[in-house]
Amino acid sequence: MLELAGIIILGILAQWFAWKFKIPAILPLILIGLLVGPIAAEYLSEDRTKWIEPIWNGEKGLFPGEGLYYFVSLAISIILFEGGLTLKRSEIKNVGPVITKLITLGSAVTFFGAGFVAHFIFNLSWELSFLFSGLIIVTGPTVITPILRNIPLKKDLSAVLKWEGILIDPIGALVAVLVFEFISVEGDSGFTKTAFIEFGKIILFGTTFGFTFAHALAFAINKKFIPHYLLNVVSLSTVLLVFVESEIFAHESGLLAVVVMGMVLGNGKLQNIKELLYFKESLSVLLISILFILLAANINIEDLELLYTWKTAALFAIVVFVIRPLAVFLSTGGSKLSLNEKLFVSWVGPRGIVAAGIASLFGSKLIKQGVEGAEYITPLVFMIVLGTVLLNATTARLFAKLVGVFLTKSNGILIVGASKVSRLLGHYLESNGRHVVLIDSNQSNIDKAKELGLEAINTNIYSETLSDNIELNDVGYLMAMTGNSDINKYAINKFAKQFGENGSFRLVSSIEMNNPENNPKEGLFSHTDDYNRLTEVTRNYPSIQEIDLDDKAHYDSLIEITNNDKDIIPLFIKDSEGELHIISSYNTDIDEVGESFKLVYLGKPFDVEEVAAED
């Protein structure tokens, strides 16, 4: 009982520590596991036993027989399903081919390259060498996401690393299974034929089960066949059912099945998807915390001593600094990614929970079978996992600045509220080259925004999910445009530092509009126009107009016209380079206005000369 409680407590403490110091949680989790496992047995325990013994050894232990690895498999299935839910097709419209090549060609380069290196450096058999290389193909979402959260990058660059991390997990597992089949089945022609039959079964049953059960679950949820209070637990049980059923028909196809299931649900019209994501995210955090401590604690000190050689450093250096860049550059050839972006993707390739979990599983099985050299598999994979996480966690931000992909000025715009006026503004900004994200708790507004091709997130402004969304790393402007002034003020107070480093604005309230003396510094557009005025003008004149400007005096005269005309609301100044500058209600004066500048406004078209003549 003490050991179980200790794992959970230590795991959550490690998660908090990682959050506090902005590092991937896998780092403190593995270190804790090593401390309570092999280090405690060797240096801290009088009876030379581990403080936490994951596998029953006849006297103590948490899991008998294969119990630990069954638990690891089920936990990984839930983690990958949660990752699949977050994959959106809209994120990869610009980088889809790059991601496809990374998980195919890039995986092949890593597989063969690392296999050859492991064989010649550690003198492992070809089968074990390629088992090792298959295991380190993966770059898991559990380690990529925390690193990317702290680095402002372009949306496409973040999407490449995020999608690669999630999609490559089942691919790496699949390759490892193939190699494991090669090792386990005797006879050259026998194991080749058997392995490729297994490969076909994995693809067939994994995709079929995942696709079918995803649609079945979505149908049951949307038709209200499942009561609200059972939604999360029914979804969880369905994920486990899909994993187990797929495994029964084709061993190791379960991981592919749950990823496919998550992707189908995440990109479909599923009601209550937010609640499902919140639940799965919390569950994933708990499972990751438990898994890494258990797997690290399961390593023996003798395994770690195998790594105490120059060969380990050589293997790590070649995998990280030669094979990973080679795989990335071959996969991104001819893409829109710049040289600096390719260098950054090459640098960031931390391995995660799937590599560690399957390595522990296969390594122990091969040791029991008496395969020579099998004792190297688990410690070598853990060395790659821990080394890459430590390297990327400590240097990724610095390397991003060094190669010039770190966004010194985040020009993305987060609009709180997805009403018609927000959608109209978002569409205009998007068409002028700005990354725009709309958020709203109203699903109908989100659906309408997506129909316009806008990126929109159905979320509650009071939730914490926005802070962890890596797709918002390039956001530097915040515009709170809901009909509730309290929500607008809350959004400014909570997210101004994170998403509004270049400017945080909100619509003025009706009280502030009627009392200009209370005009806030963060007021948006005009101190005489609140949400109701914007909505009314949008309803009557749903279009955004541009007027050429001559100089500062011309701009001031137009602002005077807009102040006297209730059907015109000034929005932005577009400079000679096409850059948009938000007009603030607190200070509508613009220091520099020259030729080729434009005034952007919402409302009815009008002829400046006719208005001037009337005056």
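For the structure itself, consult the block above.
Residues numbered from 1 in each chain as written. Predicted model: local features only at pLDDT ≥ 70, side-chain atom pairs only at ≥ 80, totals over all residues. Heavy atoms only, no water.

Some points on empty space enclosed by the protein
Basically, it comes down to this: A 1.4 Å probe that fits but cannot get out identifies a cavity on a 1 Å grid over protein atoms alone, an open set with protein on both sides within 12 Å along at least five of seven lines counts as a pocket, and a residue lines either if it has an atom within 4 Å of a point. Grid points are joined across faces, edges and corners, and a volume is the space filled by probe spheres set on the points. In this description a helix means any DSSP run of H or I spanning at least four residues, a strand means any run of E spanning at least two, and both kinds are numbered starting from the N terminus.
If you walk through the whole model with that rule in mind, you get four cavities of 30 Å³ or more. Within this model, the second largest cavity holds a volume of roughly 70 Å³. Lining of the second largest cavity is provided by L102, G106, S107, T110, I137, T139, E164, I168, R324, A327, V328 and R351. For the lining of the second largest cavity, the secondary-structure elements that each account for two or more residues are α4 (96-122), α7 (155-184) and α13 (310-331). Looking at which element gives the most residues to the lining of the second largest cavity, the answer is α4, with four residues.

Structural notes on the pattern of salt bridges
Rule in force here: For this document, the term salt bridge refers to a Lys or Arg side-chain nitrogen within 4 Å of an Asp or Glu carboxyl oxygen. A simple rule labels every residue: compare its accessible area, found with a 1.4 Å probe on the protein chains alone, to the largest value its type can have, and call it buried under 20%, exposed over 50%, or partly exposed in between.
Scanning the entire structure with this criterion turns up two salt bridges. Between E536 and R533 there is a salt bridge, with the nearest N and O atoms lying 3.4 Å from each other. Placement of the pair is E536 and R533 together in helix α21 (residues 531-540), with a separation of three residues, close to one helical turn. Taking relative accessible area as the criterion, R533 reaches 14% and is therefore assigned buried.

Description of α21
The condition that has to hold: By definition, the arc is the one covered by directions from the helix axis to the C-beta atoms.
Taken together, the buried positions of α21 are occupied by R533, L534, V537 and T538. Each buried residue of α21 lies within a common arc of 130° when the element is viewed along its axis, so the set occupies one face. Every exposed residue of α21 that faces more than 90 degrees away from the buried side is listed here: N532 and R539.

Structural notes on the layout of surface pockets
Roughly 340 Å³ of volume is contained in the second largest pocket. Looking at the second largest pocket, it is lined by 19 residues, and the ones nearest its centre are Y69, N298, N300, D303 and S364. Listed by contribution, the elements that provide at least two residues to the lining of the second largest pocket are α15 (353-368) and α16 (377-403). If you tally residues by element for the lining of the second largest pocket, the top one is α15, at five residues.

Topic: the packing of helix α5 (residues 126-135) against α16
Just so we agree on the cut-off: Throughout, an axis means a line fitted to C-alpha atoms (over the contacting stretch in the case of helices), and angles, computed between N-to-C directions, take values from 0 to 180 degrees. Working rule for handedness: look at the near helix, and if it is turned counterclockwise from the far one by less than a right angle, call the crossing left-handed; if clockwise, right-handed. Residues count as neighbours in contact if any of their non-hydrogen atoms are within 4.5 Å of one another. As a working rule, the residues Ala, Val, Leu, Ile, Met, Phe, Trp, Tyr, Cys and Pro are called nonpolar, Asp, Glu, Lys and Arg charged, and the rest polar, with Gly in that last group.
Two numbers describe how α5 lies on α16: the axes approach to 10 Å, and their chain directions differ by 35°. In the packing of α5 onto α16, the handedness of the crossing is right-handed. Mapping the contact onto sequence places L128, L131, F132 and L135 in α5 and I377, L380, V381 and I384 in α16. Here the contact of α5 with α16 is composed, by residue class, of eight nonpolar, no polar and no charged.

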